[in-house]
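So you can see what is in the structure, the chains are spelled out below.
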Amino acid sequence: MTASRMQLRATLDHRAGHLPDRAEPDDIDRLLLAYEELASNGLRHGAPPVVVEVTGTASGWLIDVTDAAPEHGPRPAIDRDPAEGGLGLYLIAGLSTACGWSIDAGRKHVWACIQPA
């Protein structure tokens, strides 16, 4: 995960002139945090192959994580001690302007839209 996040950071740094309008360093940090959270959830709770795509637009980024376990949708931790983890979906909801999941062609898609503040 660390190498993948570093690769995304390097790609964003290389394309600095092609970032969404009004994107600031804090927005990129939010994107990277959301990316790592969604991707690690896919690896931890999904089934291979897990594919993560980040698509940039003029207004922000779309993170889409797909895996081969459509029968197991994401479930937020309810009534769980925060020390036990499982709060990633709440974090994603706080970092994104929209998030959700769907099933398409036998694959689960968990996605989040990140926009500059």
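Below, the structure is looked at part by part. The residue count restarts for each chain, going from 1 along the sequence in the order it is written. Since the coordinates come from a predicted model, pLDDT governs what is reported: local features require at least 70, and pairs of side-chain atoms require 80 or more to be given and counted, while whole-chain, interface and lining totals use all residues. Excluded from the side-chain calculations are hydrogens and water; all other atoms, namely the structure's heavy atoms, are used.

### With respect to the overall build of the protein chain
When you go through the protein chain residue by residue, the secondary structure sums to three helices and four strands. For the purposes of this entry, the term helix denotes a DSSP run of H or I that reaches at least four residues, the term strand denotes a run of E that reaches at least two, and both are numbered from the N terminus. Listed N to C, the secondary structure of the protein chain is α-α-β-β-α-β-β in terms of helices and strands. A 1.4 Å probe rolled over the protein chains alone gives each residue an accessible area, and that area as a share of the maximum for its type sets the label: buried under 20%, exposed over 50%, partly exposed in between. Evaluated residue by residue, the protein chain yields a buried proportion of 30% over its 117 residues. Intrachain contacts of the protein chain at a sequence separation of at least 6 include 58% that bridge at least 24 residues. Surface accessibility in these figures is a Shrake-Rupley result with a 1.4 Å probe; residues are shielded only by whichever protein chains are displayed. Carbon and sulfur atoms make up 54% of the accessible area of the protein chain, which amounts to about 7100 Å² in all. Two residues qualify as a contact provided that any one of their heavy atoms is within 4.5 Å of a heavy atom in the partner residue.

### Side note on the pattern of salt bridges
Throughout this description, the term salt bridge denotes a Lys or Arg side-chain nitrogen within 4 Å of a carboxyl oxygen of Asp or Glu. Counting across every chain of the model gives four salt bridges. A salt bridge links Asp 29 to Arg 9, with the shortest nitrogen-to-oxygen separation between them at 2.7 Å. One end of the pair, Asp 29, is in helix H2 (residues 25–45); the other, Arg 9, is in helix H1 (residues 2–14), and 20 residues separate them in sequence. Asp 29 gets classed as partly exposed once you look at its relative accessible area, which sits at 35%. The exposure class of Arg 9 is partly exposed, given its relative accessible area of 29%. Residues Arg 30 and Asp 27 are paired through a salt bridge, measuring 3.3 Å at the closest nitrogen-oxygen approach. Here the residue Arg 30 and the residue Asp 27 both occupy positions in helix H2, the gap between them amounting to three residues, near one helical turn. According to the relative accessible area criterion, Asp 27 is buried, its value standing at 4%.

### Points about the pairing of strand E3 (residues 98–104)
The pairing criterion for strands is at least two bridges between them, as found by DSSP. Pairing analysis gives seven bridges linking E3 to strand E4 (residues 107–114), with the strands arranged antiparallel. Counterpart to Asp 104 in the pairing with E4 is Arg 107. The antiparallel pairing of E3 with E4 creates a hairpin that spans two residues between the two strands, and Ala 105 there sits at a positive phi of about 55 degrees.

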